[in-house]
Amino acid sequence: MGNILLYSNILLWIIQLIVVFSIIMIFKQFGDIYLKSSDAISRDGIPIGDEIPKFQGLSYNTGKYFSKKDLEKMPTLIGFISPNCPACKDMIPDWNRAITKYKGKVNFLLIGVGQNRDQYNEFLKNRPLKGDLILDPDNVGQAFRVRVTPFAIMLDEKGVVVEKGLCNSEQHIEHLISYSSSTKLMKKGV
Amino acid sequence: MSNILSIFITFISAFFIISSIPKIINLKGFITLTADYGVVPGKVATILGALFPFVELILGIMLIFPEARVLAATGIIILLVGFQYAVINVLKTGKTLSCGCYGKLIDSKVDNFTILKIRILILISLYIVAMSLLKVENTLFKGGDIVIGIALSITILAFQVLWSTSKQSREILKNTN
């Protein structure tokens, strides 16, 4: 009788192990669905309708001083990039094209996550950037609730978020810009 | 102590027998897979691929017999160290490869779980060699030990199924984004 109890106890522990492992796997799956799916990423960033937090920083490439106030006269597209992200590297030519296309209609600002200048030197080597890039001033990426890069937030003239989302192609950039009132008017031919 | 040794012997023996049978059934597939590892040249890979499943089966059966136990457990350790070397090599190259550990029974990929599993099996086999050499006790297989040993083997298989399924689902999720 004692033996049966011992063996059944061991067997139950083995079953318990399988159950615990299953639960861990299920939680991992939930985590992936909640945090890594495109729906989850679209929930990132400051909610639409909210104002962006105050920030300031020097442009990495032009040395110009930037703050929230400088972005208030025109709609602004703020992009977040990181030096080790291949999609961010691929996005730079599209970003440059958009700057040329919407010159005088939309402000463009890139915020580089992390402040390692060497990494950004490498990032921009053979990859000329037309607009301004500021290196994550005071962890502003966190304040903007950005988890993945390249991510962008479209602001209206008052600094209020009108659209946000992943930004790794020309279509994404165009989609975000289409939410600004001045480009809407531009498309209507006004 | 006797219980633990009997349980471990049953576990390793059952695990090797269970995993060798699907490989023998689909021997051609396993030979191709061994070549895909790219650790040994083509012809050697063909010979090894054809031999491994039978060696596994024989070692698994030998382990049950006390006279052949040390030899079988040592053979298993050598085999596992070889597998570990091949798996680490594949991981270094970053290739996505089916580990072929259970033939077509479970579609498991070469990853860190494979390494962890191999290391656990090596540790248990070392325990069997040490205890058998020290002749701490005579191993008498009781019904309960056999049930627990087989249950442990099934547990490893269940872990593998859960891990592989979860990994596949995460891949699908990644590709649909």
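Starting from 1, residues in each chain are numbered consecutively following that chain's sequence as written. Chain letters and ligand numbers both follow the written order, the letters beginning at A and the numbers at 1. Selection of residues for local features in this predicted model requires a pLDDT of at least 70, selection of side-chain atom pairs for listing and counting requires 80 or more, and totals for whole chains, interfaces and linings are taken over all residues. Heavy atoms from the whole structure form the basis of all side-chain values; hydrogens and water molecules are not counted.

Caption draft 1: Seen up close, the confidence of the model for chain A. In this model, chain A carries a mean pLDDT of 82, and residues with pLDDT of at least 70 account for 91%. Values of pLDDT, ranging from 0 to 100, describe the predictor's confidence in every residue of the model. Where helices and strands are cited, they refer to DSSP runs of H or I of at least four residues and of E of at least two residues respectively, numbered from the N terminus. Confidence scores differ between elements of chain A, with helix 7 (residues 181-188) of chain A showing the lowest mean pLDDT of 54 and strand 3 (residues 76-81) of chain A the highest of 90.

Caption draft 2: Inspection of the pattern of salt bridges at higher detail. Residues and elements named next belong to chain A. One speaks of a salt bridge when a side-chain nitrogen belonging to Lys or Arg is within 4 Å of a carboxyl oxygen belonging to Asp or Glu. Per the counting criterion, the structure on display carries 6 salt bridges over all chains. We note a salt bridge from Arg-97 to Glu-170, for which the minimum N-O separation is 3.7 Å. Of the two residues, Arg-97 is situated in helix 3 (residues 86-101) and Glu-170 in helix 6 (residues 170-177); the sequence distance between them amounts to 73 residues. Partly exposed describes any residue whose relative accessible area lies between the buried limit of under 20% and the exposed limit of over 50%, with all areas from a 1.4 Å probe on protein chains only and scaled to the type maximum. Glu-170 gets classed as partly exposed once you look at its relative accessible area, which sits at 34%. Lys-101 is the partner of Glu-174 in a salt bridge, and the nearest nitrogen-oxygen pair spans 2.9 Å. Of this pair, Glu-174 sits in helix 6 while Lys-101 is found in helix 3, placing the two residues 73 residues apart along the sequence. Through salt bridges that share partners, Asp-94, Arg-97 and Glu-170 make up one connected network.

Caption draft 3: Main features of the sheet that holds strand 6 (residues 151-155) of chain A. All names here are of chain A. Following DSSP output, two strands are said to pair if at least two bridges run between them. The strand order 5-4-3-6-7 describes an open sheet built from 5 strands, whose pairing is mixed. Looking at which strands have only one partner, the edges of the open sheet turn out to be strand 5 (132-135) and strand 7 (161-166). Neighbour-to-neighbour, the strand axes of the sheet open up by a mean angle of 20°, direction not taken into account. Judged from the 5 bridges that link them, strand 6 and strand 7 form a sheet pairing that is antiparallel. Note that in strand 7 the partner of Ile-153 across the bridge is Lys-164. Of the strands in this sheet, strand 3 and strand 4 (107-112) are in contact with helix 3, which crosses strand 4 at around 160°. Should any heavy atoms of two residues lie within 4.5 Å, those residues are considered in contact. Axes, fitted as lines to C-alpha atoms, cover a helix only where it is in contact. Angles between the N-to-C directions of the axes lie from 0 to 180 degrees. Strand contacts of helix 4 (residues 117-124): strand 3, strand 4 and strand 5, with the helix running at about 155° to strand 5, the strand carrying the most contacts.

Caption draft 4: Region of the structure containing a nonpolar patch on the surface. Excluding any residue in a salt bridge, patches collect residues exceeding 30% relative accessible area, merging like charges within 9 Å and nonpolar Val, Leu, Ile, Met, Phe, Trp and Tyr side chains within 5 Å. Each accessible area value is a Shrake-Rupley result obtained with a 1.4 Å probe; residue values ignore everything except the protein chains displayed when judging cover. A grouping of Leu-12, Ile-15, Val-19, Ile-23, Ile-26, Phe-27 and Phe-30 of chain A is seen on the molecular surface, where their side chains present a nonpolar patch of about 710 Å² in accessible area. Here Leu-12 of chain A is to be found in helix 1 (residues 2-36).

Caption draft 5: Quick peek at the nonpolar core. To define a nonpolar core, start from buried Ala, Val, Leu, Ile, Met, Phe, Trp, Tyr and Cys residues and group those joined through side-chain atoms within 4.5 Å. Grouped together as the largest cluster of nonpolar side chains are 37 residues, with contacts concentrated most on Ile-12, Tyr-37, Leu-63 and Ile-128 of chain B. Elements with a contribution of two residues or more to this core: helix 1 (2-25), helix 2 (27-37), helix 3 (42-62), helix 4 (69-93), helix 5 (112-134) and helix 6 (143-176) of chain B. Sort the elements by how many residues they give to this core and helix 4 of chain B lands first, with 9 residues. Counting residues in each nonpolar core, the second largest holds 26 residues, with Tyr-60, Met-91, Leu-110 and Cys-167 of chain A among its members.

Caption draft 6: Just the interface of chain A and chain B, in detail. Facing 17 residues of chain A, the contacting portion of chain B comprises 19 residues. Buried surface area refers to the total accessible area, computed with a probe of radius 1.4 Å, that the two partners give up upon joining, counted for both partners together. Summing both sides of the interface, chain A and chain B together bury roughly 1,600 Å²; the carbon and sulfur share of this comes to 74%. Between chain A and chain B we count 0 salt bridges in total. Counting of polar contacts relies on pairs of N or O atoms within 3.5 Å, with two restrictions inside protein: one atom must be capable of donating a hydrogen and the other of accepting it, and residues adjacent in sequence are counted only when both atoms are side-chain atoms. Linking chain A with chain B are 4 residue pairs in polar contact (both at pLDDT 80 or more), by the criterion used here. Ranked by residues supplied to the side of chain A that touches chain B, first place goes to helix 1 of chain A with 15 residues. When residues are sorted by character, Ala, Val, Leu, Ile, Met, Phe, Trp, Tyr, Cys and Pro go into the nonpolar class, Asp, Glu, Lys and Arg into the charged class, and all the rest, Gly among them, into the polar class. Residues belonging to the side of chain A that touches chain B are distributed by class as follows: 10 nonpolar, 4 polar and 3 charged.

Caption draft 7: How the structure looks around the environment of Ile-156 of chain B. Residues and elements named next belong to chain B. Relative to the assigned elements, Ile-156 resides in helix 6. Ile-156 gets classed as buried once you look at its relative accessible area, which sits at 15%. Taking C-alpha positions, Ile-156 is 8.5 Å from Phe-15, a pair spaced 141 residues apart along the chain. Residues in contact with Ile-156, not counting those within four places in the same chain, are Phe-11, Phe-15, Tyr-102 and Lys-117.

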